[in-house]
Amino acid sequence: MEDKEKMAEILSISLEAVEKRIYRLKDENPMLGHRGCRLGVSYPELYRIQARAIIEAAYECVKKGIKVHPEIMIPFIMEAKELAYLRKEIEEEIENFFKEVGEKVEYKLGTMIEIPRACLLANEIAEYADFFSFGTNDLTQMSMGLSRDDSVKFLDDYREKGIWEGEPFYSIDTKAVTKLVEIGVKNGKSTKPNLQIGVCGEHGGDPKSIEFFEGQKLDYVSCSPFRVPTAILAAAQSYLKMKN
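To keep things clear, this report deals only with the structure shown in the data block. (Residues numbered from 1 in each chain as written. Predicted model: local features only at pLDDT ≥ 70, side-chain atom pairs only at ≥ 80, totals over all residues. Heavy atoms only, no water.)

Considering the sheet that holds strand β5 (residues 220-222)
Item 1. Spatially, β1-β2-β3-β4-β5 is the arrangement adopted by the 5 strands of the open sheet, whose pairing is parallel. Of all the strands in the sheet, the pair left with one neighbour each is β1 (71-74) and β5. This sheet shows a mean twist of 25 degrees between the axes of neighbouring strands, independent of strand direction.
Item 2. Two elements, strand β3 (residues 131-135) and strand β4 (residues 196-200), share 5 bridges in a ladder whose sense is parallel. Bridged to G135 within β4 is C200. (Pairing = 2+ DSSP bridges. Helix = DSSP H or I, 4+ residues; strand = E, 2+ residues; numbered from the N terminus. Axes fitted to C-alpha atoms, helices over the stretch in contact; angles between N-to-C directions.)

Below, the structure is given as structure tokens:
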């Protein structure tokens, strides 16, 4: 309540108005709700501010002689028009900054592929992306209808009864989720053959998953810090295995 009252005071509006606004913004299902790029579409200023902050920081580094290669990644894209709209907004803000300082900083602007529809339409989305990064955590959740937070309650039952093996959020599902990745890679590269493609999430630190990603000739994997040593070793082993 104290935070609400403080916000009302800052905005010079009533406490009732703040509470009504909070209620209207509440999602019944936040995982599939008003998040990611959807916030950027509704409130472009959010992405403009963040993009400017990234480029300003990169510019300050360059002035100090530090080489940086900022990559701005837009999450939760399901439609090429979303990315086209947000790319235009972000580029416009960045160009405004470049005019202010009279210099430019090289950067890339890409997207997270984490919705099954995005895999199927990756050829269209690639027109507006400098790179892809597969968000296999959400791709698993949405393609399998599983929640990372809640599935632990019943997956043991599935394993005990021989319905399912393994942990889908640790090692990527090789029957369906990998097929979506394959489709996304194929479709994306059909538009841009040299499109940089990687993967981020816990699967990026799993040796079995990394072997699959190497087979797809992905450019990089990204995972949580404590899994980095395992990911480096697994990536090297998978590369040598494919090479031989």
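There's more to say after this.
Focus on unusual backbone geometry
Item 1. Positive phi, close to 60 degrees, is recorded for S12, a residue that is not glycine.
Item 2. Structurally, S12 can be placed in the loop between α1 (2-11) and α2 (15-25).
Item 3. The residue K217 is not glycine, and still its phi comes out positive at about 60 degrees.
Item 4. Looking at the element boundaries, K217 is found in the loop between α11 (207-215) and β5.

Considerations on the nonpolar core
Item 1. With 41 residues, the main nonpolar core has I74, I90, I125, F132 and F134 as its most contacted residues.
Item 2. If sequence neighbours within four positions are ignored, I90 has contacts with Y47, A51, I72, I74 and L109. (Core = buried A, V, L, I, M, F, W, Y, C linked by side-chain atoms within 4.5 Å. Buried < 20%, exposed > 50% of the residue type's maximum accessible area, 1.4 Å probe, protein only. Contact = heavy atoms within 4.5 Å.)

What to know about α1
Since the α-helix turns once every 3.6 residues, residues separated by three or four places project in the same direction.
Item 1. Burial within α1 is sparse, with just 1 of its 10 residues counted as buried.
Item 2. Looking at the residues trailing α1, positive phi occurs at S12, about 60 degrees.

Here we look at the packing of aromatic side chains
Item 1. A complete count under the given rule lists 5 aromatic pairs for this structure.
Item 2. The interplanar angle of 80 degrees and the centroid separation of 5.6 Å between the aromatic rings of Y59 and F97 together place this pair among those described as edge-to-face. Highlighted residues: Y59 in helix α4 (residues 44-63) and F97 in helix α5 (residues 80-101), separated in sequence by 38 residues.
Item 3. Judged by its relative accessible area of 6%, F97 is buried. (Phe/Tyr/Trp six-rings, centres within 6.5 Å; stacked < 30°, edge-to-face > 60°.)

Digging into the pairing of β1
Item 1. Burial along β1 is one-sided: the residues I72 and I74 are buried and none of E71 and M73 is.
Item 2. At this point the chain moves from β1, through α5, to the parallel strand β2 (residues 108-113), and the crossover so formed is right-handed. (Right-handed = clockwise from strand over helix to strand, strands pointing away.)

Concerning the pairing of β2
Looking along a regular strand, one sees the side chains alternate between the two faces of the sheet.
Item 1. Counting buried positions along β2 yields 5 of 6 residues, so the element is predominantly enclosed.
Item 2. Examined bridge by bridge, β1 and β2 share 4 bridges and lie parallel to one another. Counted as the bridge partner of E71 is K108 from β2.
Item 3. Examined bridge by bridge, β2 and β3 share 3 bridges and lie parallel to one another. Looking at β3, one finds that T111 is bridged to F132.

Some thoughts on a nonpolar patch on the surface
Item 1. Together, M7, I10, L11 and I13 make up an exposed nonpolar region whose accessible area comes to about 370 Å².
Item 2. Tracing the backbone shows M7 in helix α1. (Patch = residues over 30% accessible without salt bridge, like charges linked within 9 Å, V, L, I, M, F, W, Y side chains within 5 Å. Areas by Shrake-Rupley, 256 points an atom, 1.4 Å probe, with all protein chains shown as cover. Salt bridge = Lys/Arg side-chain N within 4 Å of Asp/Glu carboxyl O.)

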